[in-house]
Amino acid sequence: MTNHTNPIIQERKERVQWFEQDRFGMFIHWGLYAIPARGEWIRSTEKMSIQQYQTYYDEFNPVHYNPREWAKAAKEAGMKYAVLTAKHHDGFCLFDSKLTDYKSTNTQAGRDLVREFLEAFREEGLKVGLYYSLIDWHHEDYPAYGDRIHPMRENEAFKRDPNTFGRYLDYMHGQVRELLTDYGKLDLMWFDFSYDEMTGEKWRATELVQMIRELQPHILIDNRLEGSGEQGGSIYTANPSIYSGDFASPEQIIPPRGLVNELGDPIPWEACITLNNNWGYAAADRNYKSATTIIRKLVECVSKNGNMLLNVGPDAKGAIPQESLDILKEIGDWMKKNGDSIHGCRAADFPKPEWGRYTQKGNKLYAHLFEESIGPISLPGLADKIKSARLLADGSEVFVGRPWSAAEFIEDAFISFARPEHFTYPLPDKR
Ligand code: FHN
């Protein structure tokens with residue numbers, strides 16, 4: 001049952017239509033932390049002082065930065081949108097903000113990296129979004145300021161003079177205004193992250209979202225202004241707050257099939273996934289996931305009405321690591337043949353089969369076989385509803401279960417094998 005009376009839910013349904021079609025995007029974590037190359041939390045985890053971290057600011061000069069190459073790699077991989085960190089927790093701005101000197105245009109690079117990213121990805125036909133960190137370890141009015149880094153919850157300074165935090169919020173809101181005013185049409189704002197008492201109105205989230213909706217009413221917002229950003233926040237309730245977000249962003253947690261709100265309405269959601277074990281560039285982290293693993297997770301997301309935002313962490317020179325490019329290329333090869341079973345698809349109207357997963361688009365059912373089937377592939381409860389089946393990769397006829405009969409419900413069942421070259425299945429005797 002869909003609650004048409006709640007305007008927030010209704011407006012969300014309108015806004016997310018492209019998001020639920022595109023299904024697959026590129027996440028890009030990039031900034032000063034690419035120089036130490038030990039991940040984006042390095043300043044905190046190694047308790048670097050502002051002076052120690054300043055070394056990286058002074059050095060930063062990504063001479064190989066060519067976002068058009070990034071955009072082509074994303075497009076070739078079958079990705080339809082991309083989200084770049086405009087500012088991560090270290091407070092360094094990859095854009096020419098008038099509200100701070102701590103920005104890429106003041107480094108040796110002298111470039112507005114965000115502007116170049118947006119222009120390049122738009123030219124390749126992808127939708128564009130920006131990640132913006134609510135947390136800021138550099139800003140003097142953010143309580144972590146000074147030589148030691150404390151998450152808000154531990155920092156005594158914040159408890160002493162919470163009023164200074166109000167000045168930080170003015171800065172934060174001001175930068176969001178800059179991004180939504182000076183950089184053209186954005187499709188998505190990706191805020192990160194709320195925790196403990198730092199959620200909702202502690203960020204002045206109502207005021208922030210009202211401003212965002214005035215400047216770019218179509219734009220999607222994630223749900224990390226509220227709750228923990230995993231499964232938290234009022235997006236799952238029948239009465240979501242104005243800042244509950246347009247989609248849920250559980251981190252590397254694939255929620256149960258058909259993540260729904262209290263009304264039983266599917267919630268738009270997006271799993272963000274790293275290729276190795278780090279968001280920011282980590283030179284020593286060679287623990288890359290295989291293309292097969294990523295493809296299976298992408299199928300799982302779509303089979304549960306979700307999206308995947310797959311992360312790359314470019315290095316200090318501005319290049320996406322070759323290992324990442326190789327995986328994206330392999331994913332793209334699969335997507336070129338099987339992308340119809342991802343783009344525009346949703347959870348199927350049928351229960352998950354034991355050998356893999358379904359995705360569905362209109363009256364086409366896509367069967368993704370993850371396990372080799374012994375004997376004819378069975379589609380429990382479906383065999384008599386399917387009119388015809390084809391291998392998506394090459395259009396060849398597939399005999400599944402019993403002989404096909406005309407189906408009043410599904411005219412053509414296209415079969416997409418997640419990794420056809422890995423499967424050999426005995427064809428039943430020809431009729
Ligand atoms: O702390 C960040 C982390 O660095 C990264 O940006 C991820 C991406 O989802 N979000 C936060 C951790 O949840």
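Residues numbered from 1 in each chain as written. Predicted model: local features only at pLDDT ≥ 70, side-chain atom pairs only at ≥ 80, totals over all residues. Heavy atoms only, no water.

1. Details of the packing of aromatic side chains
So, step 1. Applying the stated criterion to the full structure yields 26 aromatic pairs.
So, step 2. Seen in terms of ring centroids, Phe 27 and Trp 279 are 5.7 Å apart; in terms of plane orientation they differ by 70 degrees. Their pairing is edge-to-face. Of the two residues, Phe 27 is situated in strand β1 (residues 24-28) and Trp 279 in the loop between β6 (269-273) and α10 (291-303); the sequence distance between them amounts to 252 residues. Here the two residues Phe 27 and Trp 279 agree in accessibility, since each one is buried.
So, step 3. Arranged with centres 6.3 Å apart and planes meeting at 90 degrees, the rings of Phe 95 and Tyr 183 form a pair that is edge-to-face. Taken as a pair, Phe 95 in the loop between β2 (81-87) and α6 (113-123) and Tyr 183 in the loop between α8 (163-182) and β4 (188-192) lie far apart in primary sequence, 88 residues in all.
So, step 4. Exposure remark for Phe 95: the relative accessible area of 0% places this residue in the buried category.
So, step 5. Taken together, the aromatic side chains of Trp 30, Tyr 57, Phe 60, Tyr 65, Trp 70, Phe 92 and Tyr 102 make up a single cluster linked through ring pairs.
So, step 6. Geometry around Tyr 183 places Arg 115 over its ring, the cationic atom sitting 4.1 Å from the centre. (Phe/Tyr/Trp six-rings, centres within 6.5 Å; stacked < 30°, edge-to-face > 60°. Helix = DSSP H or I, 4+ residues; strand = E, 2+ residues; numbered from the N terminus. Buried < 20%, exposed > 50% of the residue type's maximum accessible area, 1.4 Å probe, protein only. Lys NZ or Arg CZ within 6 Å of the ring centre and 35° of its normal.)

2. Some words on the sheet that holds β2
So, step 1. Strands sit in the order β5-β4-β3-β2-β1-β7-β6 across an open sheet of 7 strands; the sheet is parallel. Edge strands, defined here as strands with exactly one partner in the open sheet, are β5 (220-221) and β6. (Pairing = 2+ DSSP bridges.)

3. With respect to the nonpolar core
So, step 1. Met 26, Trp 30, Phe 121, Leu 130, Met 189, Phe 191 and Leu 310 are the most contacted members of the largest nonpolar core, which totals 97 residues.
So, step 2. Element by element, the count of residues in this core is highest for α8, at 8 residues.
So, step 3. Among residues more than four places away in sequence, those in contact with Met 26 are Trp 70, Ala 74, Met 79, Tyr 81, Ala 82, Val 83, Phe 121, Leu 309, Leu 310, Val 312, Ile 320 and Leu 328. (Core = buried A, V, L, I, M, F, W, Y, C linked by side-chain atoms within 4.5 Å. Contact = heavy atoms within 4.5 Å.)

4. Comments concerning the packing of α10 against helix α11 (residues 322-338)
So, step 1. Two numbers describe how α10 lies on α11: the axes approach to 9 Å, and their chain directions differ by 50 degrees. With respect to α11, the element α10 is oriented oblique. Note on packing geometry: the crossing formed by α10 with α11 is right-handed. Residue-level inspection shows Ala 291, Ile 294, Ile 295, Leu 298 and Val 299 of α10 in contact with α11, the latter providing Ile 327, Glu 330, Ile 331, Trp 334 and Met 335. (Axes fitted to C-alpha atoms, helices over the stretch in contact; angles between N-to-C directions. Parallel < 35°, antiparallel > 145°, perpendicular 65-115°, else oblique. Left-handed = near helix turned anticlockwise from the far one by under 90°.)

5. Description of the pairing of strand β8 (residues 356-361)
So, step 1. A large share of β8 lies buried, amounting to 5 of its 6 residues.
So, step 2. In this structure, β8 lies alongside strand β9 (residues 364-369), joined through 6 bridges in antiparallel fashion. Residue Gln 360 lies in a different strand from β9, and its bridge partner there is Leu 365.
So, step 3. Where β8 folds back on β9, the antiparallel hairpin that results is connected by 2 residues, among which Gly 362 adopts a positive phi of roughly 60 degrees.

6. A few points about the state of the cysteines
So, step 1. Inspection of the entire model under this criterion finds 0 disulfides.
So, step 2. For the unlinked cysteine Cys 301, the closest cysteine sulfur is that of Cys 272, found at 10 Å.
So, step 3. The exposure class assigned to Cys 301 is buried, which follows from its relative accessible area of 0%. (Disulfide = S-S within 2.5 Å.)

7. Some remarks on the side chain of Gln 216
So, step 1. Along the chain, the position of Gln 216 falls in the loop between α9 (205-215) and β5.
So, step 2. Of the polar contacts made by the side chain of Gln 216, one reaches the backbone oxygen of Gly 184; its length is 2.9 Å.
So, step 3. At a separation of 2.9 Å, a polar atom in the side chain of Gln 216 contacts the main-chain amide nitrogen of Leu 186. (Polar contact = N/O pair within 3.5 Å; in protein donor to acceptor, adjacent residues only side chain to side chain.)

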